[in-house]
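# Report on the structure
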Amino acid sequence: MAPELGSRNDGLDRRSFLTLAAGISAAGMPRAGFAAGEGLALIADPADPIVASGPVQWAASELQASLAALRVSVQRYATVEQAPATGWRIVLAGAQAPGAESILRRTGTVVPQTPEALAIVLSGDAKGPLLLACGSDPRGLVYAVTELIDRLQQTGDAAAAMQQALPLVQRPANKVRSIARCFESVVEDTAWFHDRAMWREYLTMLVTHRINRFNMTFGVQYNYPMEVSDVYFYFTYPFLLNVPGYDVRAHGLPDDERDRNMETLRFIAQETARRGLDFQLGLWTHGYKFDSPRANYLIEGITPANHAPYCRDALTLLLKSVPEIRGVTLRIHGESGIPEGAYDFWKTVFDAFPTAGRPVEIDMHAKGIDQRTIDIALATGMPVKVSPKYLGEHLGLPYQESAIRAVDMPPPGGANDPHFSLSEGNRKFTRYSYADLLNEDRKYGVLFRIWPGTQRVLLWADPVFFAGYGRYSSFCGADGVELDEPLSFKGRMGSGRPGGRLAYTDPSIVPAYDWQKYALTYRLWGRLTYDPDAPAEGWQRAFVRNFGPVAAPAEAALSKASRILALITSAHGPSASNNSYWPEIYTNMSVVQDDPGRPYYDTPKPPRFGTVESFDAQMFSRIDEYAHGLLSGQLDARYSPVEVAQWLDTLATDAEAGLHMIDGVASGNPELRRLVVDVRIQAAIGRFFAAKLRSGVLWTVFVQTQVPEAAQAALRCYRAARTAWARAAEAAQVYAVDVSYGPEPWLRGHWRDRLPAIDADIAEMARIGGDTSGEVHGDRDRIWASIGHVLAGGPRSRVDARIVGPTGFAPSQPLELTLVVANQDIETVRLHYRHVNQAEVWQVAEATAADGAFSASIPATYTATAFPLQYYFELRGAQRADLFPGLSPDLANQPYVVARRNPLG
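Now for a description of the structure that goes with this document.

What counts and what doesn't
- Residues numbered from 1 in each chain as written.
- Predicted model: local features only at pLDDT ≥ 70, side-chain atom pairs only at ≥ 80, totals over all residues.
- Heavy atoms only, no water.
- Helix = DSSP H or I, 4+ residues; strand = E, 2+ residues; numbered from the N terminus.
- Buried < 20%, exposed > 50% of the residue type's maximum accessible area, 1.4 Å probe, protein only.
- Pairing = 2+ DSSP bridges.
- Axes fitted to C-alpha atoms, helices over the stretch in contact; angles between N-to-C directions.
- Salt bridge = Lys/Arg side-chain N within 4 Å of Asp/Glu carboxyl O.
- Contact = heavy atoms within 4.5 Å.
- Parallel < 35°, antiparallel > 145°, perpendicular 65-115°, else oblique.
- Left-handed = near helix turned anticlockwise from the far one by under 90°.
- Nonpolar A, V, L, I, M, F, W, Y, C, P; charged D, E, K, R; others polar.

Moving on, we come to unusual backbone geometry. Geometrically, the link from Lys605 to Pro606 is a cis peptide bond, its omega value of -5 degrees lying close to zero. Within the secondary structure, Pro606 is located in the loop between α18 (564-571) and α19 (623-632). Each neighbour pair has its own omega, and for Phe884 with Pro885 the value is 10 degrees, a cis peptide bond. Within the secondary structure, Pro885 sits in the loop between β25 (881-884) and β26 (897-901). One non-glycine residue, Arg71, lies in positive phi territory at about 65 degrees. Inspection of the secondary structure puts Arg71 in the loop between α3 (54-69) and β2 (73-77). Using a relative accessible area of 59% as the deciding quantity, one classes Arg71 as exposed. The phi dihedral of Leu487 falls on the positive side, at around 75 degrees, and the residue is not glycine.

What follows covers the sheet that holds strand β16 (residues 480-484). An order of β7-β8-β10-β12-β13-β14-β15-β16 is seen for the eight strands of this closed barrel, with the pairing classed as parallel. With strand direction ignored, the average angle separating the axes of adjacent strands in the sheet is 25 degrees. Inspection of the sheet shows strand β7 (residues 176-182) paired to β16 by five bridges, in the parallel sense. Residue pairing in the sheet places Ser178 in a bridge with Glu482 of β16.

Glancing now at the pattern of salt bridges. According to the stated counting rule, one finds 64 salt bridges in the structure shown. Lys385 is the salt-bridge partner of Glu361, the closest N and O atoms lying 2.7 Å from each other. Linking Glu361 in strand β13 (residues 361-365) with Lys385 in strand β14 (residues 384-387), this pair joins segments that are 24 residues apart in sequence. Pair check on accessibility: Glu361 and Lys385 agree, each one buried. Each member of the salt-bridge network shares a partner with another, and the members are Glu147, Asp150, Arg151, Arg210, Arg523, Arg527, Glu537 and Arg541.

Now for the environment of Ala467. Summarising the element assignment, Ala467 is placed in helix α14 (residues 463-472). Since its relative accessible area comes to 5%, Ala467 is described here as buried. On a C-alpha basis, the gap between Ala467 and Arg767 in space is 47 Å, while along the polypeptide they are 300 residues apart. Setting aside chain neighbours within four positions, we find Ala467 in contact with Leu528 and Pro532.

On to the packing of helix α22 (residues 708-731) against helix α23 (residues 755-769), then. The relative placement of two packed helices is expressed as an angle between their axes plus a distance between the axes. Running from amino to carboxyl end, α22 crosses α23 at an angle of 170 degrees, the nearest separation of the two axes being 10 Å. For the element pair α22 / α23, the angle class is roughly antiparallel. Between α22 and α23 lies a crossing whose hand is left-handed. Between α22, through Ala711, Ala714, Leu715, Tyr718, Arg719, Arg722, Trp725 and Ala726, and α23, the contact on the second element is made entirely by Leu755, Ile758, Asp759, Asp761, Ile762, Met765, Ala766 and Gly769. Across the contact of α22 with α23, the residue classes tally to eleven nonpolar, one polar and four charged.

Encoded structure:
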C-alpha cells in the first residue's frame, strides 16, 4: 500500500503565475515604470574590491546591455551621492561595503556571511527607488546581478523585473554545483567544441542559474581502450599538446588542428573564469594502447618506460598553458587504461600538480579508490576530492540510497581480472555509491557525480525532486554534486551520427544550440541545488515567457513526468551500468523466461524481470519477494512493486492532465511542442512499467500456484504495458530512427524497435499460461486475495509517529531512541541502524513497548566509530507493516534519519 502522491510546495500555484504574467511585484509593491529612453543610475564603487573583480565587472556590463535592450539608458556612478536627484538607482556592492550596509540596516536585511551568498533589496528615499544587489564575495554578487539580468530578459519590463519577489536573500546549500560536458564523438561534438558564440551563451546560462563549476570532460568515450574506433581526445594530451622532450603524437592529426584544439580549450577556460566559474578539466583515460584495428588515431612515441613521465610532463605543461584550470578530474581505476594498484604511475602523474604554482584540485573518481591512492594525492599538498556516483550510473529518487545491490558487494574469492583488482575485488562496493568515504575524520572532500544513464534524451525538470537533490548532495558533509548534463553520452563508443545531437527529424523544433532544449533543466537544477528553498518565481517566469497562458499546466505536466524515470530507476535496477540499462528507451527483459547475458549481465540469477533487485533493497522489495510474501501472508514493510506501480500511474495521470490543458496550443511554439512530446513519452513509459510490474507479480503468483486466473491477469497487464509502450513510440515519431548512445542495440535505435521483444514475451506468456494442466496448490482464498490486491491495491495509510531522541551521538555512548506512535494497531517496532558505510550490513534491534511508545538503542560498541549513523523504524500490526520516517507523499525526502557525531565527541 503506497503513500498518496502529493507535494510540499511544488510551486504550481496558479495565482503566482498570474502575478508573474501581470508583471506585478510578489510583495504587492506599486510599480514605478520607465518611459522609453528614461535613464537609470548604476552605482558601482571601484574602491569596493568585490565590485572591482573581473567577474563582477563582466556582470555589470551584461546588466547595462540588458537594460539598454529595453531602451533604458544607463549612467554609471561610483557612489549614491553622485547619482541624479531623481529616478531609479541600482547599487552593486559587496555585502559589507559601507553603501550596502546602510541599505541592509535600513531594510532589516541580513546577508549570510558565507561564500556565494547574495541579496537583492528594494529600498528608497526622497530621490526615488533604490535597488541593492550585493554579495558576500564576487561570485555572490555575480549571482545577484545575473538574477536581475534574468528578470529583465524574461519579463521584458525593467520596472517589473526590479520589483519581483523582493527582498531576495540566498546562500548555497552545496559548496560545489558542477556541470560536466563531455566530448564523445568527433562527428557530433567537434562543431560545438569550437563554437565560441555557443560557449559564451552556455557559460552565461550556467552562472545565471548559480552553477559554480564547469567540467570540460575528455576521455570517457569508452570503458577501457579496447575495441575502440573514434578515439579523438580519448587519450587527451596528444590532441592538445606537443610536449618538449617527447616525440609523442596522435598519428594522422595535423599540428595546426592540435594547436587549434588547445586554443579552443584556452578560450573555454578563460570565458569560464571571466564569469566567475571554476574551470575543471576531466582527463578520464591515461591508457595509450588502443587494442583495435578500427581506431581512427593511434598514439605514437609512448613506451612503458616513458608513459608515466610523459603524462606527468604533459599535465604540467597543460596546467601552465591554461592557468584558469582550478582542478582536474581523473579516473584512477582500471577503465582508465591503467591497472589498479599501479601506485607508482599515479604518484608520478600527481607530481605535476605542485608545479602549477597555485592550488589545483585533484578530483578522483571513486570507483576502485583505496586509502593508499588517496594518501598519494594528499601528499602533493593540493586539495583532494573523491567523487562517488550518486546512484549507480543512473538517476533515482533524491535521497542517498540506504543500501547497494548485493551483486555490488565484494566477491568472496576476490577479483578475477588483476587489471581490476580493486574495483572487482575488495573495493567493489566503491563502484556505485558513497562506499566508505564519508567518515567524519576524512582529509578529502566528497563530491557526488550523477551519470547519464537514466535521463539522456527527454526533457526533465521538476522543482520537487531537484530540491531533494539539492538537500541530499551535501549528505554527511559532502561538498555537493556534479551533473553529467543531458546528451552527455550521445555518440559514445564510436556511435556518433551526423544530423544533430538532439536526434530530431523535424527541423522546426531544433533550437540553435542543443543545450537550449534543456534550458528549464539547467534553470531548476542550478537554482535548487544552490538553494533547495529557492522561490518558485525563479523558474516560473521562464514558463510564463515561453508558454504564456498555459505556463501553469506546462510546469505541472513536466514536473510530474520528470519523476517517472527516477522512480523507475530506484525501484527496478536490472543493471547499474549505463551501458546496459536505459529506461528511456528500455530493452525489454523477459517476464516468463530466463534472459541471460547482455544487456543485463549484472542482475541476480536467474535473470528475469521478477528477480531484478531495486537500487535500494533496504527500502524496496523485489517482485518475487513480494509475491512470495502475499502468498505466505508475510507482510513486508518495504515499498512493493505494486506500490511503485500505483505511484507511476498517478504521476502519469497528473502529467497527462497537464497535457490535456495544453491541447491545441502547442502547434506554433517549438519549445512547447518539445515539452509536450517528451512529457507524453515519459507518461507512457510510466504506464508501461506500472503495468509490467503488476504483470510480473501476477506471473510469479501463477508460477508458484498454477492458478490460471493469475496467468490471465498477468497477460492482461502485460498487454496493457505493450499498449503504453506503443503510445510512447507513436509520440516519439519526431525522433530519428537511430538515437545512438553506443554501438550495441540496447544503446541505440528507437522506441518502436523495442516492441518485437515485448510481443514475443507476451506470446510466450500466453502459451505457457494457456496450459491449464498444472496442479493448483496453495490457499485459494489467499491466492484470490493476492490477485485482487495486485490489481486494485490502494495507498498505504501513513503511520502517525514521531521520534524522540538526540540529533547527534557521542562516540562509545549508547544512542537511546524512542518512537511515539499514535496508531493503536501497531504492535511491534524494530530499529534498523547502520554506519553510513555501504560496505556494512544493517543491524536490527527489537524495541520495547510502553504506553504507546517504543524504545530501542544503538549500543555503545557500535557508536565507537568515525562514521555517522543512519536509522529508521519498522512498525508492524496484525494487518499492516510500515517504515518510519519512510518516503513522504512526494517521494522527495530521505526515508531514514542521519545522526552525526557530536562536535565534542
